[in-house]
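Here is what each chain is made of, one letter per residue.
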Amino acid sequence: NQTFGGSESDYGHSVQQTEDGGYIITGYTGSFGVDIYDFLLIKADSEGNEEWIKTFGGSSQDYGNSVQETIDDGYIITGSTSSFGNGGSDVWLIKTDSNGNEEWNQTFGGSGNDEGDFVIQTTDGGYCIVGGISDVSNSYDVWLIKTDANGVNVWDRTYDEGSDLEIGLCVQQTTDDGYIIVAAKYEDTGFHIWLIKTNSEGITVP
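I will try to describe carefully the structure that is included in this document. (Residues numbered from 1 in each chain as written. Predicted model: local features only at pLDDT ≥ 70, side-chain atom pairs only at ≥ 80, totals over all residues. Heavy atoms only, no water.)

### Considering the sheet that holds strand β14 (residues 179–187)
Counted only if it meets this: Strand pairing is assigned whenever DSSP identifies at least 2 bridges connecting the two strands. Where helices and strands are cited, they refer to DSSP runs of H or I of at least four residues and of E of at least two residues respectively, numbered from the N terminus. Axis lines are fitted through C-alpha atoms, for helices just across the contact stretch, and the angle between N-to-C directions can take any value from 0 to 180 degrees.
If you walk across this open sheet you meet the 3 strands as β13-β14-β15, and the pairing is antiparallel. In the strand order of this sheet, the two ends are held by β13 (166–173) and β15 (190–198), each with one partner. On average, adjacent strands in this sheet sit at an angle of 20° to one another, irrespective of strand direction.

Structural data, given as structure tokens:
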């Protein structure tokens, strides 16, 4: 086991083994970076020894939730940012090279609080993000965003079954080029698991 962090609170949210046998971790840090919480990206070797640490953030709170290695040996990260975007918190998508240096970033969202909880690279070289989008009443729906290879929005879909709180937590591309989402939705008795299957355009399959 290994620990990473500084004198303040630091959180790991996602880990993947990399092609070189090491590991890539994302989360958020109160010890490093610009403000109270910034995106944190850690590369470790096969024994968990730190190779490098990168932070991304601005003057407000930014939370990293998911990381995947990309086909060019870089990394794609998603989470939420209150430092950039259109107000409240927005989905933040960051692409880095193999050394964790930012190549580009994109934000998605409106005036409410929106978040990205999981990201994958798709077979066409683009990306797919799942998370939540809120309205003025702070009611959340599941939000699926499909981007091209540069993080530009190709399409996005929301999924709502009437609950005030529905959040997408994980997405995978399926063998028919559609998507399978697992989400949480709140009902009178508490949270329930919600499984959503879509086609390649994010439209739910009857």
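Following the structure, the description resumes.
### Considerations on the sheet that holds strand β6 (residues 75–81)
Taken in spatial order, the 4 strands line up as β5-β6-β7-β8 in an open sheet, and their pairing is antiparallel. Lying at the two open borders of the sheet, with one neighbouring strand each, are β5 (62–69) and β8 (102–108). Pairs of neighbouring strands in the sheet enclose a mean axial angle of 20°, with direction left out of account. Both β5 and β6 contribute to a ladder of 7 bridges, which runs antiparallel. Note that in β6 the partner of Asp62 across the bridge is Thr81.

### A look at the environment of Glu187
What counts here: Burial classes: relative accessible area under 20% of the type maximum marks a residue as buried, over 50% as exposed, and values in between as partly exposed (1.4 Å probe, protein chains only).
Positionally, Glu187 belongs in strand β14. The exposure class assigned to Glu187 is partly exposed, which follows from its relative accessible area of 35%. As for Glu187 and Thr81, which are separated by 106 residues in sequence, their C-alpha atoms are 28 Å apart.

### Some remarks on the packing of aromatic side chains
For clarity, the threshold we go by: Two rings from Phe, Tyr or Trp (for Trp, the six-membered ring) form a pair when their centres sit within 6.5 Å of each other. Planes less than 30 degrees apart are called stacked, planes more than 60 degrees apart edge-to-face, and all others tilted. Whether a charge sits over a ring depends on NZ of Lys or CZ of Arg being within 6 Å of the ring centre and within 35 degrees of the ring normal.
Here the structure, examined in full by the defined rule, presents 11 aromatic pairs. Plain terms: the ring middles of Trp155 and Tyr179 are 6.1 Å apart, the flat faces sit at 65° to each other, and that makes the pair edge-to-face. Linking Trp155 in strand β12 (residues 153–159) with Tyr179 in strand β14, this pair joins segments that are 24 residues apart in sequence. Accessibility expressed as a relative area gives 2% for Tyr179, which makes it buried. On the numbers, 5.1 Å between centres and 70° between planes, the contact of Tyr186 with Phe191 is edge-to-face. Of the aromatic side chains, those joined through ring pairs into one cluster are Tyr11, Tyr28, Tyr37 and Tyr63. The side chain of Lys185 reaches across the aromatic face of Trp194, ending 5.2 Å from its centre.

### Brief notes about unusual backbone geometry
You will see that Asp73, though not glycine, has its phi angle at about 70°, which is positive. Within the element layout of this structure, Asp73 appears in the loop between β5 and β6. Judged by relative accessible area, Asp73 falls into the partly exposed class, the value being 40%. Here Asp177, not a glycine, exhibits a phi torsion of approximately 70°, which is positive.

### Some words on the state of the cysteines
Keep this limit in mind: Pairs of cysteine sulfur atoms within 2.5 Å are what we label disulfides.
This model, assessed by the stated rule, comprises 0 disulfides. In this model Cys128 remains outside any disulfide bridge; the closest cysteine sulfur is found in Cys170, 11 Å from its own. On the accessibility criterion, Cys128 (0% relative accessible area) is buried. Overall, Cys170 belongs to the partly exposed group, its relative accessible area being 23%.

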